[in-house]
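Coordinate inspection notes
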Amino acid sequence: MRAITQVSTFEPLEAAMVYSPEQDYGSLAGDSPETAVRTRDVARGFLSVLAPDGGAEVEAVLLVVSELVTNAARHAGGVTGFGLKVGAGTVTVSVEDASPVPPWPRLPDPAEPGGFGWLLVQDLAMDVRVSGRASGKTVSAVLPLSR
């Protein structure tokens with residue numbers, strides 16, 4: 001997997017770890033349901049440094065991580081990259097996958113679970129972008145994060 005995790009801030013940080021050496025997260029790539037669990041754990045660790053008090057904004061970021069990674073694993077050939085980037089009052093979640101097909105909203109069907117994740121990401125994020133790559137796409141969501 002190509003790691004695209006970056007940390008940049010407008011204020012100096014003492015430390016911002018994405019991968020904690022004392023925990024084995026395993027691979028963050030693939031199409032397993034465990035991929036979403038591992039990436040959410042990495043994001044939780046990252047956010048605990050940036051916003052140690054947690055709150056609704058942190059929960060929104062974790063939800064977007066879960067949705068984007070789950071969508072990549074279920075519908076787009078698997079996760080091929082994952083990143084978090086800090087900006088002035090924001091955090092950007094980026095998920096790379098193996099499919100060039102952009103996500104699309106699916107009307108929820110009571111007979112079939114799901115169908116609300118992409119709409120939820122768009123509602124929670126300030127900006128959502130889909131960028132094509134030779135081997136797939138990158139979906140990036142910018143969310144507010146007060147610190």
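This write-up is about the structure you can find in this document. Since the structure is predicted, the reported quantities are computational estimates derived from the model, not experimental observations.

Judged by nonpolar contacts, the single largest core of 31 residues is most densely connected at Val65, Leu68, Phe82, Val93, Val95 and Leu143. Elements with a contribution of two residues or more to this core: helix H1 (33-50), helix H2 (56-75), strand S1 (79-87), strand S2 (90-97), helix H3 (117-124) and strand S4 (136-144). Ranked by the residues each element gives to this core, the list is headed by H2, at 9 residues. Those residues in contact with Val93 that lie beyond four places of it in its chain are Val61, Val64, Val65, Leu68, Phe82, Gly83, Leu84, Val139, Ser140, Ala141 and Leu143.

Here we come to the packing of H1 against H2. Angle between the axes and distance between the axes are the two parameters that describe a pair of packed helices. Orientation of H1 relative to H2, taken along the N-to-C sense of each, is 150°, at an axis distance of 9 Å. Considered as vectors, H1 and H2 are oriented roughly antiparallel to each other. Between H1 and H2 the crossing geometry is right-handed. In this structure, H1 contributes Thr35, Ala36, Thr39, Arg40, Ala43, Arg44 and Leu47 to the contact, and H2 contributes Val58, Val61, Leu62, Val65, Ser66, Val69 and Thr70. Class assignment for the residues of the contact of H1 with H2 results in 8 nonpolar, 4 polar and 2 charged.

Bringing the pairing of S4 into the picture now. The buried count for S4 comes to 8 of 9 residues, which makes it a mostly enclosed element. Looking at chain direction, strand S3 (residues 127-133) and S4 are connected through 7 bridges and run antiparallel. Looking at the pairing, Arg129 lines up with Ser140 of S4. Following S3, the chain reverses through 2 residues before pairing antiparallel with S4.

Cut-offs used in this document
- Residues numbered from 1 in each chain as written.
- Predicted model: local features only at pLDDT ≥ 70, side-chain atom pairs only at ≥ 80, totals over all residues.
- Heavy atoms only, no water.
- Core = buried A, V, L, I, M, F, W, Y, C linked by side-chain atoms within 4.5 Å.
- Buried < 20%, exposed > 50% of the residue type's maximum accessible area, 1.4 Å probe, protein only.
- Helix = DSSP H or I, 4+ residues; strand = E, 2+ residues; numbered from the N terminus.
- Contact = heavy atoms within 4.5 Å.
- Axes fitted to C-alpha atoms, helices over the stretch in contact; angles between N-to-C directions.
- Parallel < 35°, antiparallel > 145°, perpendicular 65-115°, else oblique.
- Left-handed = near helix turned anticlockwise from the far one by under 90°.
- Nonpolar A, V, L, I, M, F, W, Y, C, P; charged D, E, K, R; others polar.
- Pairing = 2+ DSSP bridges.

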